[in-house]
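Listed below, chain by chain, are the residues.
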Amino acid sequence: MILHHIQQSSAQSAGLELAMRYAGEQDALLFSGDASGSLLQVHWQNKLAGKSVYFLDEDVHARGLTDMLAARYPHAQLLDYRGWVTLSLTFDKVITW
């Protein structure tokens, strides 16, 4: 099981595309920083449907995306820093893209 940590928006980096290519069924994706904003695109909403998706709460709030995120990713979980560390310990490996 791998936790794929995405930090940059899809406009800045191919990290999200690569993570999606390699993510298995038991893997999860954690979005922080500018990556949070790129997920408002319908393209990513469709690709992430059915995946385990987490967001760093502080970054979502800083970008004013809380309501949009809840509407477009109802199963996503918001994490604080403590939750992020706890989540990372439940996976065999963490890859930062």
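Residues numbered from 1 in each chain as written. Predicted model: local features only at pLDDT ≥ 70, side-chain atom pairs only at ≥ 80, totals over all residues. Heavy atoms only, no water.

Q: How should the nonpolar core be read in this particular structure?
A: Note that soluble globular proteins tend to have their nonpolar side chains buried in a common cluster. With 16 residues, the main nonpolar core has Leu-16, Leu-29, Phe-31, Leu-39, Leu-48 and Phe-55 as its most contacted residues. No other element matches helix 1 (residues 15-22), which puts three residues into this core. When sequence neighbours within four positions are dropped, the list of residues in contact with Phe-55 reads Leu-30, Phe-31, Ser-36, Leu-39, Val-60, Leu-69, Tyr-73, Ala-76, Gln-77, Leu-78 and Leu-79. Leu-3, Ala-28, Leu-87 and Phe-91 belong to the second-largest nonpolar core, a separate cluster that totals seven residues. (Core = buried A, V, L, I, M, F, W, Y, C linked by side-chain atoms within 4.5 Å. Buried < 20%, exposed > 50% of the residue type's maximum accessible area, 1.4 Å probe, protein only. Helix = DSSP H or I, 4+ residues; strand = E, 2+ residues; numbered from the N terminus. Contact = heavy atoms within 4.5 Å.)

Q: Can you walk me through the environment of Leu-16 in this structure?
A: In this fold, Leu-16 is placed in helix 1. Overall, Leu-16 belongs to the buried group, its relative accessible area being 2%. Apart from residues no more than four positions distant in its own chain, Leu-16 is found in contact with Ile-6, Leu-29, Phe-31, Ser-38, Leu-39 and Trp-44.

Q: Explanation requested: the side chain of His-4 in the structure shown.
A: As for its position among the elements, His-4 is in strand 1 (residues 2-6). For His-4, a relative accessible area of 1% gives the class buried.

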